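# Working through the structure, step by step
The primary structure of each chain is shown beneath.
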Amino acid sequence: MSNIFSFPPFFEKFVRKLKELKFKIPVRFLRKALPYIFILPFFGYIMLTWIAPVIITIVLSFTKTQWTITRMEFSGLENYFRIFTRDIFVFSALRVTVLYVSSVLMINAFFSLLLAILVTYFVRNESVAAAIRLAWLIPRITPAVIYALLWRWFIDPRIGLLNKMLSMFNLPAPHDWLLTAPYSQILMIVVNGYVGASFGMIIYSAAITSIPRELFYAASIDGASDLQVIRHIIVPLLKWPIFFVTVWQTLSLISSYEHILALWAGGAGVARAAGVEVWALYAYSRAFYSAEYGYGAALSVFLVIIGLVFIVIFFKIFGFERMMQPSKVEV
Amino acid sequence: MMNGNSSYKSKIRRARIRRWITIIVVYSILLIPLTPILLMVGWLVAQSISKGPAIGIIPNGFTLENFRFLWAPIRFGLSEYPNIWPLVMNSLLLALGTTAFEIPVAALAGYVLSRMEFRGRMATMKLIVALHAFPGVILLIALFYILNRIGLYGKGLLTLLGVALIKAGLGVPMDTWILKGFFDGIPWELEWAAMVDGSTRFQTWRKILLPIVAPGISAVALFSFMGGWGEFLIAYTYIKRKEFYPLSVFLYSVIGEFVYVDWGLLAAVALFYMLPVLIFYALAQKTLLKLQLVGAVKG
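Being a predicted model, the structure only gives us computed values, none of them experimental.

Here we take up the overall build of chain A. When you go through chain A residue by residue, the secondary structure sums to 15 helices and 0 strands. Seen along its three principal axes, the alpha-carbon backbone of chain A occupies a region of about 90 × 70 × 35 Å. Counting the 331 residues in chain A, one finds 55% classified as buried. Put simply, of all contacts in chain A between residues at least 6 apart along the chain, 68% involve residues at least 24 apart. Per element, the accessible surface of chain A, about 15300 Å² overall, is 68% carbon and sulfur. Across chain A, the centroid of the 28 positively charged side chains sits 10 Å from that of the 16 negatively charged ones.

This is the structure we're talking about:
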C-alpha cells in the first residue's frame, strides 16, 4: 500500500546518482522531506498573498499611516473611534452595502434558481440549453472594464438604447442613470446581478441534472404538473445547493466592488456621489484615493473578520465534503 | 359517443395550448433579461465598424477607420499614445507572467497533494478550500504594503511583474485544487501496469502520466492567462505610470474622461482587447463547463 504514492522519476535518479557517488545520504529522510520540498513554493505564495496580508491589514489598522504606506505610526484605536463616532460616510456605506448585498443576492441565489430550473427541466434540446447557459455567462467572462463600457453605452441618454426602450413602454426614462441616486442604485444592482446569476445557474443546473430521472417519470405518471414537480421534487432536493450558493454569494458580494469601480469610473467622488459606494469600495477609496492607508485598513478589518467568520460557518455547516461538491444532490 | 369524443378532443387541445403557454413563459423568462446583454455585444461589433454613432445595433456607415489604432497614434481627449502595441505588450506580459508564476507552483502542489502522503496533507487541503472562499480583493491595501516592501512599486515593468505575482498568488489555491483533481483522476493502476510491464519510473512518468495530464494543465494555464489578460483591479491600483498600463487600465482611464468620447474608436479598441477572450471561450466552452472552471471563478 505504501506504493500508492509515487515519487517523481528524477528523484529516484537523483538518489541513484548519489548512491553511485558513495555519498552517505539519509534516503529515508529525503523521502520524508520530498513532499514538503515540493509544496514549499505553494506555501510561499500563500504566505505572501494571503497570510501576511491578513496580519498586515490588522497591524495597519492600528496605525495612522498616510501618504507613504511603509511609514507606520501607531495610533492605537484611533481609527476605530473614527469609524464609530466621527466618520459621516460610514453609515451611508453600510446602508448601500446592505441594499447591495440583499438585492443582488435575490438575483444570484433565487432568480438563478428559476433560470436553472427552466433551462434544465423545460428546455429539452441540449444544445439550445447550452447556448442559453453560455449567453448568461457573457457578463461574467467579459473583462470588467469592457462590461462597464458596454453599460456606459447602454445607459447613455443620447445614443444608448435603455431610455429608448423604456420610453417605448411609456416608462420614466431618467436622463442620468449614472449619478442620480435611486436610478444609480438600481443600475448597480442590475449590473452586478447579471454577473452573479451564472454562478448559481451552473451549480443548480448540475444539481438538477444529477436528480434521478425516475423521480420525474414517477411523478408524471401520478399526474403531477410541472409546477408540482418543481415544488415537491426539485426544490426540496436542491436544499443544500441553494443554501450553499446563498452563503457563498453573501460573502463574495460583501467584499466585491470591482464592477462598481469599473462602471463609476473617473476617480474618488463618483461612486460616492452616485450613492453606490459599498463598504469595500469605501475602504479602497480611503486607502488609494485619499492615501489614508491606516484608515482604509481599519475599514477592511471588518471585511476580513466577516470573511473569517464565514469560513468557520462554511466548515461548521457544510463540512469539507459539501464544500468540495456543492452541486451534489442527496436523494 | 359523439360527446365523449369531442370532450376528448377539447382536452387534447387544452393540453396543447397549455404546453405552448409553458414554452412561451419559459423562453421569455430565460431570454428577455438577456436582450440588453446581447444588444450590448451587438452594438460593440456594429459601432467598431461604423462611421457615426451606431443606431442601436445597426452600423451607421461602414469604415475601418476605427481600427486605425493598430498602426497610427491614438488620441483620446487629453491623452495621446504613439501606438497601441506597447499597451498590448504590457497586457501580454501581465498575462504570461501570471501563468508562469502560477502554473508550475500549482502543478507541483497538486501533484504532491494527490500522490504523496505527508503530515499536514488534510490540513493543507482544508486551507485551500478556506482560501478559495476568502475574498482576496479586500487585502489589496496590505498587498500594496508588501509590494512596496519587496521593492516592486513604481518600478515600471517590475511592478507589472509584481502585479502578476500577486495575481498568481491569489489564484494558486484554486488552481492547485483543480490540478489535484486531474492527478486524482488518473488511476494509479495505470502507472502500476506500466511498471509491471517493465518500464522504469521515469518512463512511466514521461509516457503515461504526462500525456494524460498535459491537456488539463494547459487548460488551466490558458484559463489563468485569460485571468491575467482581463485583470483590471490590481493593475489599476498599483500601476501608476501610463507607459506601463495594460489595455484594461488604459481603457478604464479613457472611459473616465467623460468629455471627448469617440465611441467608434473606443468600441474598436474594446473589441480588439476582448478578441482573445471570445476566441478562447468559443473554443474551450465544453472543456470549461466539464472542468467546472467557470463556476470556480469567484463572483
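In this section: the nonpolar core. Counting 211 residues, the largest nonpolar core has A:Trp151, A:Ile234, A:Trp264, B:Tyr238 and B:Phe250 as the members making the most contacts within it. A per-element tally of this core places helix α4 (residues 88-122) of chain A first, with 16 residues. Setting aside its immediate chain neighbours within four residues, B:Phe250 contacts B:Ile74, B:Phe76, B:Tyr81, B:Ile84, B:Leu87, B:Tyr245 and B:Val269. Formed by 8 residues, the second largest nonpolar core is a distinct cluster that contains B:Ile103, B:Ala106, B:Ala107 and B:Ile178.

As a further point, take the pattern of salt bridges. By the definition in use, this model includes 8 salt bridges over all chains. The shortest N-O distance in the salt bridge between B:Lys167 and B:Glu231 comes to 2.9 Å. Placement of the pair is B:Lys167 in helix α6 (residues 157-185) and B:Glu231 in the loop between α8 (201-230) and α9 (233-238), with a sequence separation of 64 residues. Residue B:Glu231 is classed as buried on the basis of its relative accessible area of 7%. Ionic pairing is found between B:Asp184 and B:Lys180, a salt bridge with its closest N-O pair at 2.6 Å. Taken as a pair, B:Asp184 and B:Lys180 lie in helix α6 at a separation of 4 residues, close to a single helical turn. Through salt bridges with shared partners, a single network forms among A:Arg82, A:Asp87, A:Arg286 and A:Glu292.

For helix α10 (residues 226-237) of chain A, built from 12 residues, the straight-helix expectation of 16 Å at 1.5 Å per residue is met to within 8% by its first-to-last C-alpha distance of 15 Å. Those residues of α10(A) that are buried lie in contact with α4, α8 (181-209), α9 (213-221) and α11 (239-255) of chain A.

Let us look at the interface of chain B and chain A. When the parts of a complex come together, some accessible area is lost, and that lost area is often taken as the interface size. On the chain A side, the residues contacting the 98 residues of chain B number 100 residues. The interface formed by chain B and chain A holds 0 salt bridges in total. Counting every contact that joins chain B to chain A gives 10 residue pairs in polar contact (both at pLDDT 80 or more). Residues that form the side of chain B that touches chain A fall into these classes: 73 nonpolar, 17 polar and 8 charged.

Analysis parameters
Throughout this document, residue positions are counted from 1 along each chain, in the order its sequence is written. As a convention, the first chain written is A and the first ligand written is 1, with the rest following in written order. Thresholds applied to this predicted model are a pLDDT of at least 70 for local features of residues and 80 or more for the giving and counting of side-chain atom pairs; totals over whole chains, interfaces and linings are not thresholded and use all residues. The basis for every side-chain value is the complete set of heavy atoms in the structure, and neither hydrogens nor water enter the calculation. Numbering of helices and strands starts at the N terminus; helices are DSSP runs of H or I of at least 4 residues and strands are runs of E of at least 2. Relative accessibility thresholds used throughout: buried, under 20% of the residue-type maximum; exposed, over 50%; partly exposed, between the two (1.4 Å probe, protein chains only). Pairs of residues are marked as contacts when any of their non-hydrogen atoms sit within 4.5 Å. The protein chains shown are the only cover counted for residues, whose accessible areas, like all others here, come from Shrake-Rupley with a 1.4 Å probe. Charge counting follows a simple rule: Lys and Arg are positive, Asp and Glu are negative, and His as well as the terminal groups are ignored. Charge positions come from single atoms, namely NZ of Lys, CZ of Arg, CG of Asp or CD of Glu. To qualify as a nonpolar core, a set must consist of buried Ala, Val, Leu, Ile, Met, Phe, Trp, Tyr and Cys residues joined through side-chain atoms within 4.5 Å. Within this document, salt bridges are pairs made up of a side-chain nitrogen of Lys or Arg and a carboxyl oxygen of Asp or Glu, the two lying within 4 Å of each other. By definition here, a helix of n residues has an expected span of 1.5 Å times n minus one. Residues adjacent in sequence count toward polar contacts only when both atoms are side-chain atoms; beyond that, a polar contact is any pair of N or O atoms within 3.5 Å, and within protein one must be able to donate a hydrogen and the other to accept it. Just so you know the grouping, Ala, Val, Leu, Ile, Met, Phe, Trp, Tyr, Cys and Pro go in nonpolar, Asp, Glu, Lys and Arg go in charged, and all remaining residues, Gly too, go in polar.

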